[in-house]
Amino acid sequence: MGIEVSFDEFQRIFYHQVISIGNVLCLMSPWNNPIYLSRCWCLFELFSAYESDHVNIVIAMPPSEKNEMVNALNNREGVNTLFDVLSNTSVERATASEKSDRDRIMSMIESGPGFPMFNQKINALLRDWVNHSIIEIVEQEESKVQDVRQAAQFGMLCTYVGNVLYRYREMKEALDLNKKALALHGMIYGPKHPYTAASMSNYGLILKDNGDLDAAMETFEIVKQIHESTLGPDHLNTAISLNNIALCLSDKREFDKALNYFLQCLDIYEAKLGNHSNTAGAHSNCGYVLLKQGKLDDALVHFEKSLAIRLTLFQENHPDVADSYHTLGLAYRQTGDLNKALEYHTKCLSIEEKILGQDHPSTATTYDSIASILFDLKEFQRSHDYYVKLYNIYTSRTENNGSHGDTAVMNVLWNLGKTLHALGDIRGALKHYEKGLHLSKTSNENGTSTSNGGSNWNDKFSTVMEKIKTQMDHDQD
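In short, a report on the structure.

Conventions we followed
- Residues numbered from 1 in each chain as written.
- Predicted model: local features only at pLDDT ≥ 70, side-chain atom pairs only at ≥ 80, totals over all residues.
- Heavy atoms only, no water.
- Helix = DSSP H or I, 4+ residues; strand = E, 2+ residues; numbered from the N terminus.
- Rg over C-alpha atoms; globule rule 2.2 N^0.38 Å.
- Buried < 20%, exposed > 50% of the residue type's maximum accessible area, 1.4 Å probe, protein only.
- Contact = heavy atoms within 4.5 Å.
- Areas by Shrake-Rupley, 256 points an atom, 1.4 Å probe, with all protein chains shown as cover.
- Phe/Tyr/Trp six-rings, centres within 6.5 Å; stacked < 30°, edge-to-face > 60°.
- Lys NZ or Arg CZ within 6 Å of the ring centre and 35° of its normal.
- Disulfide = S-S within 2.5 Å.
- Salt bridge = Lys/Arg side-chain N within 4 Å of Asp/Glu carboxyl O.
- Core = buried A, V, L, I, M, F, W, Y, C linked by side-chain atoms within 4.5 Å.
- Axes fitted to C-alpha atoms, helices over the stretch in contact; angles between N-to-C directions.
- Parallel < 35°, antiparallel > 145°, perpendicular 65-115°, else oblique.
- Left-handed = near helix turned anticlockwise from the far one by under 90°.
- Nonpolar A, V, L, I, M, F, W, Y, C, P; charged D, E, K, R; others polar.
- Pairing = 2+ DSSP bridges.
- Expected span 1.5 Å × (residues − 1).
- Polar contact = N/O pair within 3.5 Å; in protein donor to acceptor, adjacent residues only side chain to side chain.

**A short note on the overall build of the chain**
Across its full length, the chain holds 21 helices and two strands. For 477 residues, the compact-globule estimate of 2.2 N^0.38 gives 23 Å, and the chain sits close to it at 25 Å. Principal-axis analysis of the C-alpha atoms gives the chain an extent of 80 × 75 × 45 Å. Burial statistics for the chain: of 477 residues in total, 49% are counted as buried. Taking the intrachain contacts of the chain between residues at least 6 apart in sequence as the baseline, contacts between residues at least 24 apart amount to 63%. For the chain, the exposed surface amounts to about 23200 Å²; the carbon and sulfur share of it is 49%.

**Notes on the packing of aromatic side chains**
This structure, assessed with the given rule, holds nine aromatic pairs. When the ring of Tyr332 is compared with that of Tyr344, the centres are 5.8 Å apart and the planes differ by 10°; the resulting orientation is stacked. Linking Tyr332 in helix α15 (residues 319–335) with Tyr344 in helix α16 (residues 338–355), this pair joins segments that are 12 residues apart in sequence. For the pair shown, Tyr332 and Tyr344 are each scored as buried. Taken together, the ring pairs in this structure connect Trp414, Tyr433, Trp457 and Phe461 into an aromatic cluster. Over the face of the ring belonging to Phe375 we find Lys418, whose NZ or CZ atom lies 4.5 Å from the ring centre.

**Topic: the state of the cysteines**
The final tally for this structure, using the stated rule, is zero disulfides. With no disulfide of its own, Cys26 lies closest to Cys42 among cysteine sulfurs, the gap being 8.1 Å.

**Remarks on the pattern of salt bridges**
Applying the stated rule across the entire model yields 13 salt bridges. In this structure, Asp103 engages Lys99 in a salt bridge whose closest nitrogen and oxygen atoms are separated by 2.8 Å. Placement of the pair is Asp103 and Lys99 together in helix α5 (residues 99–111), with a separation of four residues, close to one helical turn. When its relative accessible area of 36% is taken as the criterion, Asp103 is described as partly exposed. The closest approach of N and O atoms between Glu228 and Lys224, which form a salt bridge, is 3.2 Å. Of this pair, Glu228 and Lys224 are both found in helix α10 (residues 213–230), four residues apart, which corresponds to roughly one turn of the helix. The class for Glu228 is partly exposed, based on a relative accessible area of 33%.

**Things to note about the nonpolar core**
Counting 131 residues, the largest nonpolar core has Leu37 and Leu46 as the members making the most contacts within it. The element that contributes the greatest number of residues to this core is helix α6 (residues 115–143), accounting for nine residues. When residues no more than four places from it in sequence are discounted, the contact partners of Leu46 are Val24, Tyr36, Leu37, Ile57, Phe118 and Ile122.

**Let's talk about the environment of Asp234**
Take Asp234: it is sitting in the loop between α10 and α11 (236–251). Between the alpha carbons of Asp234 and Ala271 there is a distance of 9.3 Å; along the sequence they are 37 residues apart. Each residue touching Asp234, except ones within four places of it in the same chain, is listed here: Ile268 and Lys272.

**Concerning the packing of α6 against helix α7 (residues 148–167)**
Between two packed helices, the angle of one axis relative to the other and the distance separating the axes together describe the packing. At a closest axis distance of 11 Å, the pairing of α6 and α7 adopts a crossing angle of 165°. In terms of orientation, α6 lies roughly antiparallel with respect to α7. Of the two possible hands of crossing, α6 and α7 adopt the one that is left-handed. On α7, the residues that touch Asn131, Ile134, Ile135, Val138, Glu141 and Glu142 of α6 are Phe154, Leu157, Cys158, Val161, Val164 and Leu165. Classifying every residue of the contact of α6 with α7 by side-chain character gives nine nonpolar, one polar and two charged.

**Observations concerning the side chain of Ser250**
Locating Ser250 in the fold gives a position in helix α11. Once you skip the residues sitting within four places of it in the chain, Ser250 turns out to touch Phe255, Ala258, Tyr288 and Val289.

**Considerations on the packing of helix α13 (residues 277–292) against α15**
Two elements in contact, α13 and α15, have axes whose closest approach is 11 Å; the angle formed by their N-to-C orientations is 20°. Looking at the two axes, α13 sits roughly parallel to α15. Every pair of crossing elements has a handedness; the one defined by α13 and α15 is left-handed. Residues Ser284, Tyr288 and Leu291 of α13 pack against Asp323, Thr327, Leu330, Ala331 and Gln334 of α15.

**Some points on the pairing of strand β2 (residues 56–60)**
Burial along β2 is one-sided: the residues Ile57 and Ile59 are buried and none of Asn56, Val58 and Ala60 is. Where strand β1 (residues 23–27) and β2 come together, five bridges link them in parallel fashion. When the sheet's bridge partners are listed, Leu27 is paired in β2 with Ala60.

**Brief notes about α11**
Here α11 is 16 residues long and its end C-alpha atoms lie 23 Å apart, about the 22 Å a rise of 1.5 Å per residue gives. Those residues of α11 not exposed but buried are Thr238, Ala239, Ser241, Leu242, Asn243, Asn244, Ile245, Ala246, Cys248, Leu249 and Ser250. Once α11 ends, the next one or two residues include Arg253, with phi positive near 65°.

**Quick notes on α7**
End to end, α7 covers 29 Å across 20 residues, agreeing with the expected 28 Å (1.5 Å per residue, within 8%). Taken residue by residue, α7 has Ala151, Ala152, Phe154, Gly155, Leu157, Cys158, Thr159, Val161, Gly162, Val164, Leu165 and Tyr166 as its buried positions. You can read the cap of α7 off the contacts: a side-chain oxygen lies 3.2 Å from the backbone nitrogen of Arg149, and it is on Asp147. Looking one or two residues beyond α7, the residue adopting positive phi is Arg169, at roughly 65°.

**Describing unusual backbone geometry**
Negative phi values dominate among residues other than glycine, just as trans dominates among peptide bonds. Here Ser29 and Pro30 are connected by a cis peptide whose omega angle stands at -10°. With respect to the helices and strands, the residue Pro30 is situated in the loop between β1 and α2 (40–50). The phi angle at Arg253 is positive, at roughly 65°, despite the residue not being glycine. Here Arg253 shows up in the loop between α11 and α12 (255–272). The phi angle at Lys378 is positive, at roughly 65°, despite the residue not being glycine. Relative to the helices and strands, Lys378 is located in the loop between α17 (361–376) and α18 (380–396). Relative accessible area serves as the criterion here: at 61%, Lys378 is assigned to the exposed category.

Okay, structure coming up:
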């Protein structure tokens, strides 16, 4: 006859068993809706591992499911499904056969890390595992290539996996895979085939995001010529080339030219696709350029159309939906409706934290937007809290300085000082300004300040520090 123990006693025993084993296995099956993540006791196991620094969480997937995932990655719908899997962990929806067990487990998680933080932690584990797994899969598939047909299939796999990694800003790996796809497609299909042109487009996008706009423009112009000559001026692939050229022109602040290309692209998408993700993207791009031109009402029309299409196509937790919320937040900020802007940026942040994680560049941008709006709303403490998160992102990984740079850190230090000054914490503000001045001088000496030259930052920090010190001296008198 078994011995009945209390839940608290069972929790203690269970926790120590997890610690003593040192490993927790999370089984991803089926790949597109893992049962493990829907079971309360499985999540309790993860919770126990989460609470300890000595337990390794191992994510595994049966070979058959891994093959299904690979096959799914060979089309856009499969990529969208993967994004949903990586963002939809929700411990609140987990089930248990005994309601009392579920209530206890939910209570422990809620009073511990909390549901949002726990869900984000699990989603981050899944993202890291998927990134590692799909790169490993590509390497395995490459070793199996023995003929032209298999080489062609492998080239397409490189394209789609590269797109997933690009979406998560794994730029080096994405670039490597797109180079492989481009080489294979050029060899198999020739330099003017649509598949080769598509690989060139992906390569150009990475060049653009790395800031090499001239090289990206040159690549996109070649692709456009290929598409127009082989497929015609109204083909969907031609529209993609027009869109990519417009993106470069927008980054170069040539907004009139960019809008012309975006509108040509939109006309093709609406005629050929109707309410499609590409059409939504074109609306968003048109809106962004119009916003830069100060045409706010026209921009809002395009942003609202983009959001409406995306909400019909995707689940709420999708990066494209987050993008629509972000652009609407920018637009309402520019109209002066700060509360509406805050509402949309907050919706964007909720999705980005789930899908991309708290340290992703897009999430950091949204923290910055929210902090700035809260400051203008005179909610100085909340603004300061978001700037602290942003500062932690920029300084936690020194290897990211190439993308964030010292200038970004100096800007956050400036805003941290500004919020503390507004809160009346003069000494705290001075401390951040001193850090900023030191970093400014160092980056100026090392040549690492990327904009607002070091001397300008020196002047800004020195001037405000002098004013604060004068104020402190006056207060003492």
